[in-house]
Amino acid sequence: MQALVEDFFRLEPGLLELEREVDAARDEGHSSWFCSNYLWLPVNTRLRMLVGVGRLPRPGDEAHPELFDSRSYELLFTHLSQRLPPCRACGCARFLALREAGA
Ligand SMILES: [Zn+2]
């Protein structure tokens, strides 16, 4: 059975810290742009060390091979990254527009 997001938060408390961090992110509108990916990159670097093939092994991990599964990483990646505010007028949006225009 596929483990749920809540199971991972119980198994790896470090994830709570990442969730608090993404939930605290705000687009205050003070600058002319906001980039979700810019905030996401350092969070993702730490996520890779907590869940998935890049996890640094800890005592007791033998009982939870799902912590080393790349599908678990993808599940947490989606859960955490979609909690960030969306990009606004940043390079990502321009890149996406160019790509959709077929440039
Ligand atoms: Zn962006």
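See above for the structure.
Note that this is a predicted model, so its numbers are computed, not measured.

1. Focus on the overall build of the protein chain
The number of helices and strands found in the protein chain is five helices and zero strands. Going from the N terminus to the C terminus, the protein chain shows its helices and strands as α-α-α-α-α. Relative to the 2.2 N^0.38 estimate, which gives 13 Å for 103 residues, the radius of gyration of the protein chain is 16 Å and therefore markedly larger than a compact globule would have. Out of the 103 residues in the protein chain, the part that is buried amounts to 17%. For the protein chain, long-range pairs separated by at least 24 residues make up 69% of all intrachain contacts whose partners lie at least 6 apart in sequence.

2. Considering unusual backbone geometry
Of note in the backbone geometry, Ala 89 takes a positive phi value of approximately 50° without being a glycine. Residue classification places Ala 89 among the exposed residues on the basis of 12 C-beta atoms within 10 Å.

3. Concerning the packing of helix H3 (residues 36-50) against helix H4 (residues 70-81)
Running from amino to carboxyl end, H3 crosses H4 at an angle of 150°, the nearest separation of the two axes being 11 Å. When the interaxial angle is binned, H3 and H4 end up roughly antiparallel. Relative to H4, the crossing made by H3 is right-handed. Of H4, the residues touching H3 (which contributes Trp 40, Val 43, Leu 47 and Arg 48) are Tyr 73, Leu 76, Phe 77, Leu 80 and Ser 81. Looking at the contact of H3 with H4 residue by residue, the classes come out as seven nonpolar, one polar and one charged.

4. Quick look at the nonpolar core
If you look at the biggest cluster of nonpolar residues, it comprises eleven residues: Phe 8, Leu 15, Leu 18, Leu 47, Leu 50, Val 51, Leu 67, Tyr 73, Leu 75, Leu 76 and Leu 80. Contributing elements (two or more residues each) for this core: helix H2 (14-24), H3 and H4. Among the elements that make up this core, the one with the highest residue count is H4 (four residues). Not counting the four nearest positions on each side in its chain, Leu 76 is found in contact with Val 5, Phe 8, Leu 15, Leu 47 and Val 51.

5. Topic: the packing of H2 against H3
In the contact formed by H2 and H3, the axes pass within 10 Å of each other and the chain directions differ by 165°. By the angle between their axes, H2 is roughly antiparallel relative to H3. The chirality of how H2 crosses H3 is left-handed. Here Gly 14, Leu 15, Leu 18, Glu 21 and Val 22 of H2 come into contact with H3, specifically with Val 43, Arg 46, Leu 47 and Leu 50. Class assignment for the residues of the contact of H2 with H3 results in six nonpolar, one polar and two charged.

6. As for the environment of Arg 88
When you line up the elements, Arg 88 lands in the loop between H4 and helix H5 (91-100). Under the C-beta neighbour-count criterion, Arg 88 is labelled partly exposed, with 15 such atoms within 10 Å. Residues Arg 88 and Ser 36, 52 residues apart in the sequence, show an inter-C-alpha distance of 8.2 Å. Apart from residues lying up to four places away in sequence, Arg 88 is in contact with Asp 27, Trp 33 and Phe 34.

Thresholds applied
Residues numbered from 1 in each chain as written. Predicted model: local features only at pLDDT ≥ 70, side-chain atom pairs only at ≥ 80, totals over all residues. Helix = DSSP H or I, 4+ residues; strand = E, 2+ residues; numbered from the N terminus. Rg over C-alpha atoms; globule rule 2.2 N^0.38 Å. Buried ≥ 20, exposed ≤ 12 C-beta atoms within 10 Å, placed from the backbone. Contact = placed C-beta atoms within 7 Å. Axes fitted to C-alpha atoms, helices over the stretch in contact; angles between N-to-C directions. Parallel < 35°, antiparallel > 145°, perpendicular 65-115°, else oblique. Left-handed = near helix turned anticlockwise from the far one by under 90°. Nonpolar A, V, L, I, M, F, W, Y, C, P; charged D, E, K, R; others polar. Core = buried A, V, L, I, M, F, W, Y, C linked by C-beta atoms within 7 Å.

Worth remembering: the numbers are spatial, not functional.
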